[in-house]
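Per-entry structural report
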Amino acid sequence: MFKQLFIFFVILTNIQGSVTIETFLDKTLKKVNKQITTKEKQKEKKIVEEVGKIIDYKLMGKLTLGKKVWKQLNKEEKEQYQKSFRKVANKDYVKYLIKADKITVSRIIKKGKKYLIKFVSGEYKINVYMYKRNNEYKIYNIAIEGINIIKVLSEKYRYVYMTKGYKTMMDIMSK
């Protein structure tokens, strides 16, 4: 599955532009589903590198902490947090990527410039939340089998920040 997702995200980065979401996903999934899965550790690293090109980590980080907490951080703290958040988010979504047979789109829901793409991969359900800005599709949240990355990380890190402070939150993120 790692190889499939790696190729999926590589292709996502290469077929941006003024295509419709349906065409974008159709082209992407046709190529992804032709690939053979492997479990090499380098594949995980490559997935993280490639996914990073289309995930909006800055928005995900802000959503995770919430507006109130985000506004309390100074510029340096925001930069430190964003670096740590990127690593934590990558670890969290990669650990949930489980073996899959074939990835297919089961439904596309559009609201304004935002999309909810519902994928099915074998017995697993994956929801990818995207938006389109400047003819580019960007991911701002992922939910695998109902485990919403932003909600999980938000509950953990916002709570720590509110009860123990910034330094403790950053210490926990770096572990």
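Before any of the text, the structure's been laid out above.
Definitions and cut-offs
- Residues numbered from 1 in each chain as written.
- Predicted model: local features only at pLDDT ≥ 70, side-chain atom pairs only at ≥ 80, totals over all residues.
- Heavy atoms only, no water.
- Buried < 20%, exposed > 50% of the residue type's maximum accessible area, 1.4 Å probe, protein only.
- Helix = DSSP H or I, 4+ residues; strand = E, 2+ residues; numbered from the N terminus.
- Arc of directions from axis to C-beta.
- Contact = heavy atoms within 4.5 Å.
- Pairing = 2+ DSSP bridges.
- Patch = residues over 30% accessible without salt bridge, like charges linked within 9 Å, V, L, I, M, F, W, Y side chains within 5 Å.
- Areas by Shrake-Rupley, 256 points an atom, 1.4 Å probe, with all protein chains shown as cover.
- Salt bridge = Lys/Arg side-chain N within 4 Å of Asp/Glu carboxyl O.
- Lys, Arg positive; Asp, Glu negative; His and termini not counted.
- Charge placed at Lys NZ, Arg CZ, Asp CG, Glu CD.
- Core = buried A, V, L, I, M, F, W, Y, C linked by side-chain atoms within 4.5 Å.
- Phe/Tyr/Trp six-rings, centres within 6.5 Å; stacked < 30°, edge-to-face > 60°.

Focus on helix α7 (residues 166-173)
- When α7 is considered as a whole, its buried residues turn out to be Y166, M169, M170 and M173. Down the axis of α7, the smallest arc covering the buried residues is 95 degrees, so these residues share one side.

Considerations on the side chain of S84
- With respect to the secondary-structure elements, S84 resides in helix α5 (residues 75-95).
- By relative accessible area, S84 is classed as buried at 16%.
- Sequence-distant contacts of S84, defined by excluding residues within four places in its chain, comprise M170 and M173.

Quick look at the sheet that holds strand β1 (residues 103-111)
- Spatially, the five strands line up as an open sheet ordered β1-β2-β3-β4-β5, and their pairing is antiparallel. Of all strands in the sheet, those with a lone pairing partner are β1 and β5 (147-148), marking the two edges.
- Here β1 runs beside strand β2 (residues 114-121); their pairing, made up of eight bridges, is antiparallel. The residue of β2 that forms the bridge with I103 is S121.

Some details on the pairing of β2
- Linkage of β1 to β2, two consecutive antiparallel strands, is achieved through a turn of two residues, within which G112 is found at a positive phi near 65 degrees.
- Taking the residues that link successive antiparallel strands as the turn, the β2-strand β3 (residues 124-133) hairpin has two residues, and the phi of G122 there is positive, at about 65 degrees.

Considering a positive patch on the surface
- A surface patch of positive charge is lined by K83, K87, K91 and K156.
- At three residues, α5 tops the list of elements feeding residues into the positive patch.
- Within the fold, K156 resides in helix α6 (residues 149-164).

Digging into the nonpolar core
- The biggest cluster of nonpolar side chains holds 36 residues, and the ones touching the most others in it are L65, Y81, F85, M130, M169 and M173.
- Contributions of two or more residues to this core are made by α2 (21-32), α4 (57-72), α5, β2, β3, β4 (136-144), α6 and α7.
- The element that contributes the greatest number of residues to this core is α6, accounting for six residues.
- If sequence neighbours within four positions are ignored, Y81 has contacts with G61, T64, L65, W70, Y166, M169, M170 and M173.

Digging into the pattern of salt bridges
- With the rule as written, the count across this model stands at one salt bridge.
- The residue D171 makes a salt bridge to K167 at a minimum N-O spacing of 3.2 Å. Residue D171 and its partner K167 are both found in helix α7; the two are separated by four residues, about one turn of the helix.

A look at the packing of aromatic side chains
- Taken as a whole and assessed by the stated rule, the structure comprises five aromatic pairs.
- For the ring pair Y115 and Y137, a centre distance of 5.8 Å and an interplane angle of 65 degrees mean the geometry is edge-to-face. Of this pair, Y115 sits in strand β2 while Y137 sits in strand β4, and the two are 22 residues apart along the sequence.
- For Y115, a relative accessible area of 8% puts it in the buried group.
- By relative accessible area, Y137 is classed as buried at 1%.
- In textbook terms, an aromatic cluster arises when at least three aromatic residues are bridged by ring pairs, as seen for W70, Y81 and F85.

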